[in-house]
Amino acid sequence: RPMIREVDIMKRIFVFLLLLLSTGIAAYAQNTGKISGTVNYGDDQTVLHDVAIEIVELKLKTSTNNDGYFEFVNVPPGRYTVTAHQEGFGDATLKVTVTAGVSAAADFRLQLADPEPCGGRAWRCAQQRIGRVQTFIRAGQFASRHTRI
């Protein structure tokens, strides 16, 4: 009978530890919140997938799914900067406050990026491009004169 008692005691200890662990996990989950949202194109209802989403202060990253949805779970309470980035679109930033046990919404609407990188000053961009091409051509001529084949 001593062997049966040891097994019984071990079972009780295991059950106690399991309950203690699950209580701790539940308590931790109740002390955190969630940030979730969707990313759409402009004023349209078109969803954008594979958009990079980041909570800057926590350095947590995820991306949107095929429905444009993203979610961060177990986020400590606080105020955070959440960013959305997709190649070809302008970045977007939101300030989000997370409260324990609550889901905070962070819905983004991205716009196409400015196709003119010089802020609408086409003549300045053209001058910069011409200057780079001239420098490149001069460097190429120099290299071709001083390179043995």
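Before any of the text, the structure's been laid out above.
Since this is a predicted model, take the numbers as computed values, not measurements.

Caption draft 1: Spatial organisation of the overall build of the chain. If you tally the helices and strands in the chain, you get two helices and eight strands. In the chain, buried positions account for 21% of the 149 residues. Contacts in the chain between residues at least 24 apart in sequence constitute 52% of all its contacts with a sequence separation of at least 6. Counting only carbon and sulfur atoms, one obtains 59% of the accessible surface of the chain, whose full area is about 11100 Å².

Caption draft 2: Main features of the sheet that holds strand β6 (residues 92–98). Taken in spatial order, the four strands make up an open sheet running β3-β2-β5-β6, and their pairing is antiparallel. With partners counted over all chains shown, the strands left at the sheet margins are β3 (60–63) and β6, one partner each. Ignoring strand direction, the axes of neighbouring strands in this sheet form an average angle of 25 degrees. Taken together, the seven bridges between strand β5 (residues 78–85) and β6 define a ladder with antiparallel strand orientation.

Caption draft 3: Molecular detail of the pattern of salt bridges. Under the counting rule described, the total for this entry stands at one salt bridge. We note a salt bridge from E71 to K34, for which the minimum N-O separation is 3.1 Å. Residue E71 is found in strand β4 (residues 69–75), and its partner K34 is found in strand β1 (residues 33–41); the two are separated by 37 residues along the sequence.

Caption draft 4: Up close: the packing of aromatic side chains. Counted under the stated rule, the structure contains three aromatic pairs. Ring geometry for F70 against F72: centres 6.2 Å apart, planes inclined by 70 degrees, an arrangement best described as edge-to-face. Look at F72 and you get buried, because its relative accessible area is 6%. Ring pairs connect the aromatic residues F70, F72 and F108, which therefore count as one cluster.

Each value, and the rule that gives it
- Residues numbered from 1 in each chain as written.
- Predicted model: local features only at pLDDT ≥ 70, side-chain atom pairs only at ≥ 80, totals over all residues.
- Heavy atoms only, no water.
- Helix = DSSP H or I, 4+ residues; strand = E, 2+ residues; numbered from the N terminus.
- Buried < 20%, exposed > 50% of the residue type's maximum accessible area, 1.4 Å probe, protein only.
- Contact = heavy atoms within 4.5 Å.
- Areas by Shrake-Rupley, 256 points an atom, 1.4 Å probe, with all protein chains shown as cover.
- Pairing = 2+ DSSP bridges.
- Axes fitted to C-alpha atoms, helices over the stretch in contact; angles between N-to-C directions.
- Salt bridge = Lys/Arg side-chain N within 4 Å of Asp/Glu carboxyl O.
- Phe/Tyr/Trp six-rings, centres within 6.5 Å; stacked < 30°, edge-to-face > 60°.

Everything listed is a geometric property; what it means functionally is a separate question.
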